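Coordinate analysis (summary)
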Amino acid sequence: MISLQHVTMVYRNGTTALEDVSVEVDKGEFVFIVGQSGSGKSTFIRLLLKEEDATKGEIYVAGKNLAKLTAWKTPHLRRNIGTVFQDFKLLQDKTVFENVGFALEVIGKPKHVIDQRVPEILDLVGLSEKLNNYPDELSGGEQQRVSMARACVNRPLVLLADEPTGNLDPSTSVEIMRLLDKVNRIGTTVVMATHDQAIVDAMRRRVIELDKGKVIRDQARGVYS
Amino acid sequence: MPRFEYLFRETTSGLRRNGLVAFAAISTTFIALLLFGLALLISRQVSLMIDQATGNVEVAVYLSDPVNPDTVSSLTETLVALPVVETVDFEDKEEACARFKILFRNQSALVNTVDCDALPASLRVGLTNPEEYAQVAAVLGCGRDGRCSAPGIDQIVDQSAFLEKLFSITRVFRVGVLLISFVMLVSAAILIANTVRMGLFARRKEIGIMKLVGATNWRIRIPFLVEGLFESLIGAVAAILVLFGLKVAFINPLYGTVRFVPWVSNSDVVAVIPWLLIAAAVVSLLAGLVGMRRFLDV
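Let me begin by describing the structure that accompanies this report. (Residues numbered from 1 in each chain as written. Chains lettered and ligands numbered in written order. Predicted model: local features only at pLDDT ≥ 70, side-chain atom pairs only at ≥ 80, totals over all residues.)

**Quick notes on the overall build of chain B**
- For chain B, the count of helices and strands is 10 helices and 4 strands.
- Looking at chain B as a whole, 30% of its 298 residues qualify as buried.
- The contacts in chain B between residues at least 6 apart in sequence include a share of 86% that link residues at least 24 apart. (Helix = DSSP H or I, 4+ residues; strand = E, 2+ residues; numbered from the N terminus. Buried ≥ 20, exposed ≤ 12 C-beta atoms within 10 Å, placed from the backbone. Contact = placed C-beta atoms within 7 Å.)

**Looking at the interface of chain B and chain A**
- Taken together, the contacts link 11 residues of chain B with 12 residues of chain A.
- The element contributing the most residues to the side of chain B that touches chain A is helix H8 (residues 204–212) of chain B, with 5 residues.
- A breakdown of the residues in the side of chain B that touches chain A according to their chemical character gives 6 nonpolar, 2 polar and 3 charged. (Nonpolar A, V, L, I, M, F, W, Y, C, P; charged D, E, K, R; others polar.)

**So, helix H4 (residues 111–124) of chain A**
All names here are of chain A.
- In this model H4 runs 20 Å from its N-terminal to its C-terminal C-alpha over 14 residues, within 8% of the 20 Å that 1.5 Å per residue would give.
- Taken as a whole, H4 has its buried residues at Arg117, Val118, Ile121 and Leu122. Across the axial projection of H4, the buried residues extend over an arc of 130°, all falling on one side. Away from the buried face of H4 by more than 90 degrees, exposed residues His112, Asp115, Gln116, Glu120 and Asp123 are located.
- Immediately downstream of H4, the backbone of Gly126 shows phi near 80°, a positive value. (Expected span 1.5 Å × (residues − 1). Arc of directions from axis to C-beta.)

**So, the environment of Thr12 of chain B**
Residue and element names in this part refer to chain B.
- Residue position: Thr12 is located in helix H1 (residues 4–17).
- The exposure class of Thr12 is exposed, given the 12 C-beta atoms found within 10 Å.
- When the C-alpha positions of Thr12 and Glu227 are compared, they lie 7.7 Å apart, and in sequence the two are 215 residues distant.

Set out below in structure tokens:
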């Protein structure tokens, strides 16, 4: 599903964010990317989204070679990838329903599809009661669940999560992890960058550790360190 | 294509959000297009007057009395043989008189005193290119002063000299108005680009999310382009209405009083409309693309 082959990423200011990284992730896997701030976790995620192009090496996501993907085709790649961030990225002037529906609306899905899928996915994340609330009326955990619903409403093959529990307290974090696990169990490949030790240790999933842009550990059913 | 409802909502919310800048953009577009329309109508008016005054004839060959029909036909043959000559028409004394009376119908004293027999018959020559007057003069053996040696010809007159005078008087005016309208159009474009850019900035978070979930660049751009187009078209419609208003207010009273001059009509104003709409569309789309260039290069 995801394949990085000898990927090096050097930013224009000369910072080397990733160096000779090779990683294979199979369909349906759940992978933690761990490491300290500045170890290259976020760059890893950005490369998979083609927000940046790798300086060297090849990246395949959902069967597509990202270096050869034109700007024209990039949006279609992103429709196969759901994304969740630390800061939720919800639109404050839209309700929960509208925030989730927005993701379908802007890729041209007809209204009847939106009206069908949005309640479905909000039910899955346990927010059926809050369809018409605005984000500032929700708790942090609820907001992150909205953003998870938005990420999954288009049934992506891959879910990328960049520090999804970074702004949440431990018990709320567990809720979000349960949800990520649920999404993973229905077949979605999940890649989650985090430095939340307790969560990684509790989940016992594959762990890839980055340090100064290099993979220093790739362990099935691993722990944080 | 994005759904109409989506476009409409995005466009109107954009207009509401930066209403003041949108107003500036609309009013500048309005003034620019009004001036542009005025310049076009002035051109139309000038060309109407020229048609009337010269009957589309560049060179008049005045014949000396008495007119010999053989001279007329041989001169006609000579002229038609020239490649630059498009038309040759013979105008006899009666026709010359009738035209004279029409041209000076508001100066009855002049019309009454002039004897029709004093007006010369002439060959009215239309040229493919008015600059080629010298060729006509040469083939008829006439000098620069218009005096001719060939028998039967009194003199030839290059009417393009008269046209030149008329053009030079109106040119300053026309070019001036066009120039001002051009400067105004550029300002309008800058203001539209600015509203588009402000809209993009106000919604950069939304745009970021749209990109993340895989909206195509055109789906992101089109609402902003439509917003700019909408602003400029409002300006264009206002300009068209005011042009009609000006025409009714200033030209209509002249229909009755200054009869011998053909004035621009409603259909001339209508003919200007597509040009104004095209100018509005081109300006706003260019402005929109320039305005969003920096924001959307992902």
